[in-house]
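# Descriptive analysis of the structure
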Amino acid sequence: MWNLTIETSTSLGSLALFKDGSPESFVKEWFREKSHSEWITSHLMELFKNEVKKIFVSLGPGSFTGLRVGVNLAKTLAYSHPHIELYGVSSLRILSESGRDRDQPLLVALNAFKNLMYVARYQKNTSGALEPLTAPCALTAQDLSQMISTPHWGAGDGLELYF
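Since we're looking at a predicted model, the values are computed, not measured.

### Comments concerning unusual backbone geometry
For the bond from G60 to P61, the omega torsion is 10°, close enough to zero to count as cis. Mapped onto the secondary structure, P61 falls in the loop between strand 4 (52-58) and helix 2 (64-80). Of note, the phi angle at F113 is positive, near 65°, even though the residue is not glycine. With respect to the helices and strands, F113 occurs in strand 6 (residues 106-113). The phi angle at N115 is positive, at roughly 60°, despite the residue not being glycine. Judged by relative accessible area, N115 falls into the exposed class, the value being 57%.

In structure tokens, the structure reads:
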């Protein structure tokens, strides 16, 4: 059985299928400034040929319109397929998965506009799971640089905008 992730909180949208405990996965990504609604359905049809048991959807922080598109799709799929379990996940937590194979701490930062970033930090524990080092928060680049004293691996559009 497969798990589906839906990420629409930023201009980079993605759908991914993965199996629990397996490195096998399929990912579809696209870049869309305004709305993901035009792209998400066509990409979904390519992936949804497999039997899905769980859906994980990003709940923010991020673009309200983008989040609404992703949550609406996830709820529609779960409603029309009652055997599918639906889970809401922080957008920062979803993006942290891109650094799962790194040994150094991970910094995820999304553009919050008005010179702010939504930020969370994670570290891999001894069993390989990512644990939060800080709770998600909104910070300026200056506040973030004062918070971090060791090298981190980074993910998210906030890093390229403010650093």
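Next comes the rest of the description.
### Details of the packing of aromatic side chains
Across all of its chains, the model carries three aromatic pairs by this definition. Judged by centre distance (5.3 Å) and plane angle (45°), the ring pair of W2 and F26 falls under tilted. A residue pair is termed long-range when its members are at least 10 positions apart, and W2 in strand 1 (residues 2-7) and F26 in strand 3 (residues 25-31) qualify at 24 residues. Within the aromatic cluster, the residues linked to one another by ring pairs are F18, F56 and Y87. The ring of Y122 has R93 lying over it, and the distance from NZ or CZ to the ring centre is 5.8 Å.

### Describing the packing of helix 1 (residues 37-47) against helix 2
Close contact between helix 1 and helix 2 brings their axes to 10 Å; oriented N to C, the two are set at 35°. The interaxial crossing formed by helix 1 with helix 2 has right-handed handedness. Of the residues in helix 2, those in contact with S37, I40 and L44 of helix 1 are V69, L73 and L77. Within the contact of helix 1 with helix 2, the residues separate by chemical class into five nonpolar, one polar and no charged.

### Remarks on the layout of surface pockets
Considering only enclosed or pocket space, the largest pocket measures out at about 890 Å³ in volume. Of all the secondary structure elements, the ones that give two or more residues to the lining of the largest pocket are strand 1, strand 2 (12-18), strand 3, helix 3 (91-96) and helix 5 (157-162). Top contributing element to the lining of the largest pocket by residue count: strand 2, with six residues. Split into classes, the residues belonging to the lining of the largest pocket amount to eleven nonpolar, eight polar and eight charged. The space that makes up the second largest pocket amounts to roughly 340 Å³. Taken together, 17 residues form the lining of the second largest pocket, with S9, T10, S11, S63 and F113 sitting closest to its centre.

Here is what the cut-offs are and how they apply
Residues numbered from 1 in each chain as written. Predicted model: local features only at pLDDT ≥ 70, side-chain atom pairs only at ≥ 80, totals over all residues. Heavy atoms only, no water. Helix = DSSP H or I, 4+ residues; strand = E, 2+ residues; numbered from the N terminus. Buried < 20%, exposed > 50% of the residue type's maximum accessible area, 1.4 Å probe, protein only. Phe/Tyr/Trp six-rings, centres within 6.5 Å; stacked < 30°, edge-to-face > 60°. Lys NZ or Arg CZ within 6 Å of the ring centre and 35° of its normal. Axes fitted to C-alpha atoms, helices over the stretch in contact; angles between N-to-C directions. Left-handed = near helix turned anticlockwise from the far one by under 90°. Contact = heavy atoms within 4.5 Å. Nonpolar A, V, L, I, M, F, W, Y, C, P; charged D, E, K, R; others polar. 1 Å grid on protein atoms, 1.4 Å probe; cavity = no way out; pocket = protein on both sides within 12 Å on 5 of 7 lines; lining within 4 Å. Points joined across faces, edges and corners; volume = space filled by probe spheres on them.

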